[in-house]
Structure formats: structure tokens, C-alpha cells
Amino acid sequence: MAAETCGICGGDGRIANSFGNTTTCPSCHGSGRRSDDGGLRDVTKTKPSHFQKPNKVAVVEKQNWPSTYEGAQLAKEVQACASVSNETKAKLTREIIDYEGSHGKCTETFTKKIRRQVRPPAP
Ligand SMILES: [Zn+2]
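A.B. asks: So what exactly am I meant to see when it comes to the coordination of the zinc ion here?
C.D. replies: Each donor-metal-donor angle in an ideal tetrahedron of four donors is 109.5 degrees, and each such angle in an ideal octahedron of six donors is either 90 or 180 degrees. Only C6 (SG), C9 (SG), C25 (SG) and C28 (SG) from the protein reach the zinc ion as donors, at distances of 2.2 to 2.4 Å. In this structure, the zinc ion is surrounded by 4 donor atoms whose angles at the metal cover 101 to 120 degrees, and the resulting shape is tetrahedral. Sequence positions of the donors to the zinc ion reduce to the motif C-x2-C-x15-C-x2-C. In this pair, C6 is assigned in the segment before β1 (14–16) and C25 in the loop between β2 (22–24) and α1 (69–80), connecting sequence segments 19 residues apart. The burial state of C6 is the same as that of C25; both residues are buried.

A.B. asks: So what exactly am I meant to see when it comes to unusual backbone geometry here?
C.D. replies: Trans peptide bonds make up most of the peptide bonds, and negative phi angles are found at most residues other than glycine. Despite not being glycine, H29 shows a phi value in the positive range, around 55 degrees. Secondary-structure assignment places H29 in the loop between β2 and α1.

Cut-offs and rules
- Residues numbered from 1 in each chain as written.
- Predicted model: local features only at pLDDT ≥ 70, side-chain atom pairs only at ≥ 80, totals over all residues.
- Heavy atoms only, no water.
- Donors = N, O, S within 2.8 Å, 3.2 Å for Na, K, Ca; no water.
- Tetrahedral: all angles 85-135°; square planar, octahedral: opposite > 155°, others 65-115°.
- Helix = DSSP H or I, 4+ residues; strand = E, 2+ residues; numbered from the N terminus.
- Buried < 20%, exposed > 50% of the residue type's maximum accessible area, 1.4 Å probe, protein only.

What follows is the structure, encoded as C-alpha cells:
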């Protein structure tokens, strides 16, 4: 197998012209590599059909905080509570959002129900 060295410049990418100056080899354009394939390029990489579009994920904006004043106050109490886990806080906040979503606001009964969970009575 012949080395892929340019036969014109001998692999250094430059040739000396008749005036004693060196110039970029017209055969390999300075790469020093044989290019007798006519400069064929890998066109598959630039084909539009091969262009990968980033996967678009439909992001649904989820409500994560109550929209009513009462609900927000209640959610704040839940978040401020040190005796419940973050999972419970998230669950209770979700309950508040769901409740005000279906009832329009947080009733006193519901507020009390939530408060009982974040403020357990002293033993
Ligand atoms: Zn060359």
C-alpha cells in the first residue's frame, strides 16, 4: 500500500516554485496528504435528513404554589414546619393547591385539617 503522502510536495505541504519561494502545495493544499480522490467529502454528515433535531419535550407548567391568599399562607405554614418531612410538605402543599382548585378557596375546616398535620398537638 502506498502511503497517503502527497506525491507533489512529498508530504510537507509546501513546494518551492521556480522563483525560489515556497508556496502551498496545489495538490494537497498544505496537508501533505495525497488527495487524488478529487477532494471527495463525506456528504452524509451534512445531509439535512441526517440532521438531528433536539427532542422537544412539551413542558407543562405545573402549579406548585397556591393561588389564593389563604392557600399561600397555609402553604407557608406547612413549609415552615420543622417536624414534617419534605415529602409531607410537598404532599400537603399539593393538597392545598388541589383543594383551592376544586373549591375556589381554602375553607376554615380544610385549613384546620392541614394545620393539624403540621402542628401535632403536644403529647
Ligand atoms: Zn502536496
